[in-house]
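Close look at the chain arrangement
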Amino acid sequence: MRFIDREEVARRLTYEAAIPIVREAMIAFSTGRTRQLLRSILPLAEGRMFGVMPGALGERAPFGAKIVSVYPENFAAGRQSHQGVIVLFEPDSGAPVCVVHAGEVTAIRTAAASAVATDALARPEASRLAVLGYGEQARAHLRAIGKVRPIEQVLVWGRDAGRAQAFAGEMSRELGVGVGVAADVREAVARADIVCAVSAAEDPILRGAWLPAGVHVNLVGSSRAGPAEADHEVVRRSRFIADSREGVLAQGAEFLNAKAAGLVDDAHLAGEIGQVLAGEVEGRQDAGQITVYKSLGHIVQDLASAWALYRGAI
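These notes cover the structure that comes with them. Remember, it's a predicted structure, so these values are computed and weren't measured experimentally.

**Some thoughts on helix H3 (residues 102-121)**
The end-to-end C-alpha separation of H3 is 28 Å, in line with the 28 Å expected for 20 residues at 1.5 Å each. Counting buried residues along H3, 18 of its 20 residues qualify, which places the element largely inside the surrounding structure.

**Considerations on the side chain of Arg-284**
Its location among the elements puts Arg-284 in the loop between helix H10 (273-277) and strand S15 (290-294). For Arg-284, the side chain forms a polar contact with the main-chain oxygen of Val-215, separated by 3.5 Å. Residue contacts for Arg-284: discarding those within four places in its chain leaves Leu-121, Ala-122, Arg-123, Gly-214, Val-215, His-216, Gln-289 and Thr-291.

**What to know about a nonpolar patch on the surface**
On the surface, Leu-42, Leu-44, Phe-50, Val-52 and Ile-67 cluster together into a nonpolar patch covering about 370 Å² of accessible area. When you line up the elements, Val-52 lands in strand S4 (residues 49-56).

**What about the sheet that holds strand S10 (residues 178-181)?**
As summarised here, the arrangement of the eight strands in space is S10-S9-S8-S11-S12-S15-S13-S14, forming an open sheet in which the pairing is parallel. Strands at the two margins of the open sheet, each flanked by one partner only, are S10 and strand S14 (269-272). Pairs of neighbouring strands in the sheet enclose a mean axial angle of 20°, with direction left out of account. Those strands touched by H3 are strand S11 (194-197), strand S12 (216-219), strand S13 (238-242) and S15, and its axis lies near 160° from that of S12. In this fold helix H4 (residues 136-145) packs onto strand S8 (128-132), strand S9 (153-157), S11 and S12, with an angle of close to 165° to the strand it touches most, S8.

**Focus: the layout of surface pockets**
Size it by volume and the second largest pocket reaches roughly 190 Å³. Per-element accounting of the lining of the second largest pocket gives the leading share, three residues, to helix H8 (residues 245-251). Its residues assigned to classes, the lining of the second largest pocket comprises six nonpolar, six polar and three charged.

**Overview of the packing of helix H2 (residues 15-30) against helix H11 (residues 299-311)**
Close contact between H2 and H11 brings their axes to 9 Å; oriented N to C, the two are set at 130°. The orientation of H2 with respect to H11, classified from their angle, is oblique. Considering the relative orientation of H2 and H11, their crossing is right-handed. Only Val-300, Gln-301, Ala-304, Ser-305 and Ala-308 of H11 make contact with H2, whose side of the interface consists of Ile-21, Val-22, Ala-25, Met-26 and Phe-29. Looking at the contact of H2 with H11 residue by residue, the class counts come to eight nonpolar, two polar and no charged.

Parameters and conventions
Sequence positions are assigned chain by chain, starting from 1 and proceeding in written order. Predicted model: local features are reported for residues with pLDDT of at least 70 only, side-chain atom pairs are reported and counted for 80 or more only, and whole-chain, interface and lining totals are derived from all residues. To get the side-chain values, take all heavy atoms of the structure and skip hydrogens and water. Segments assigned H or I by DSSP are reported as helices when at least four residues long, segments assigned E as strands when at least two residues long, and all are numbered from the N terminus. Residue count minus one, scaled by 1.5 Å, sets the expected span of a helix. Burial status follows relative accessibility: with a 1.4 Å probe on protein chains alone, a residue under 20% of its type maximum counts as buried, one over 50% as exposed, and anything between as partly exposed. Pairs of N or O atoms are called polar contacts if they sit within 3.5 Å, as long as, within protein, a hydrogen donor faces a hydrogen acceptor (for residues adjacent in sequence, only side-chain-to-side-chain pairs). Only heavy atoms matter for contacts: two residues are in contact if any of them lie within 4.5 Å across the pair. Only residues whose relative accessible area exceeds 30% and that form no salt bridge enter a patch; like-charged residues are grouped when within 9 Å of one another, and nonpolar side chains (Val, Leu, Ile, Met, Phe, Trp, Tyr) when within 5 Å. The accessible surface values rely on the Shrake-Rupley method and a 1.4 Å probe; as for residues, cover is taken only from the protein chains in view. What counts as a salt bridge is simple: a side-chain nitrogen of Lys or Arg found within 4 Å of a carboxyl oxygen of Asp or Glu. For two strands to be treated as a pair, DSSP must find no fewer than two bridges joining them. To get an axis, a line is fitted to the C-alpha atoms, and for a helix only the part in contact is used. The angle between two axes follows their N-to-C directions and goes from 0 to 180 degrees. Whether a set of points on the 1 Å grid over the protein atoms alone is a cavity depends on a 1.4 Å probe fitting there but being unable to get out, while an open set qualifies as a pocket with protein on both sides within 12 Å along at least five of seven lines; lining residues are those with an atom within 4 Å of a point. Grid points are joined across faces, edges and corners, and a volume is the space filled by probe spheres set on the points. Residue classes follow a fixed rule: Ala, Val, Leu, Ile, Met, Phe, Trp, Tyr, Cys and Pro count as nonpolar, while Asp, Glu, Lys and Arg count as charged, and any other residue, Gly among them, counts as polar. We call two directions roughly parallel when the angle between them is under 35 degrees, roughly antiparallel when it is over 145, roughly perpendicular when it lies between 65 and 115, and oblique otherwise. Here is the rule for handedness: rotate from the far helix to the near one, and if that takes an anticlockwise turn smaller than a right angle the crossing is left-handed, while a clockwise turn gives right-handed.

Pasting the structure below:
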């Protein structure tokens, strides 16, 4: 059995490679070619979680599972918050053939999925990016979004101004783009064309009243029912697109909160990003519309990325 470690994943699973892989995986998911169950999440102490995500890329295609822990405090210690493995099985004999470092695949494919959604939903000329958070996913999203839009200006917000400033300086040097620090979330998003919410916020930090017309929002930080980065108005004002309809209706905190408040019903969820990509559901309908992509993360994104690594396709 082969093992692909973190360093190899980081070297080979570039955003140029990951974005088309994730794009095709989400089309396959939304057109019914893949097989998967909702993730199982076991809550642990102090906000930690253990999750299992099983799935298959098709009836006679590779299958497997991601087994992962989420330890939010790891960030402060310089470790990945997501720790775990993806186990791949080949379809002919059903044998396990490869174990892949899940933390690195998760970091890259999550940002790649937001880039796919941004490419499909943001205005073509979008160039101003707001990033809410300064952790691993903030770093990954800054790298990924620039692959699909000509980003000219970035504003970052985080609870610790010193960390936000250090992050901004590092990413500005890496990407060659001006990265500034906003005093608050309202300032960060006021003139944004694209917003990436990638924080560990338990309660809403993003208000729908602050969003400018025509903005596209990626809601990424909350991956389960409970913690929510955005308030009801973000959901109500937007054309709301999910990575998985079933997943969002079961675990998408922002949508579930707005629904519980009586502001939206299930019909407000316009469709899945895979349906938009396949031309089955309309994405952005006009230049002034606010669009939201709710990312919970999906096992087919992990499996497709890991299988491409195992087969040497990238």
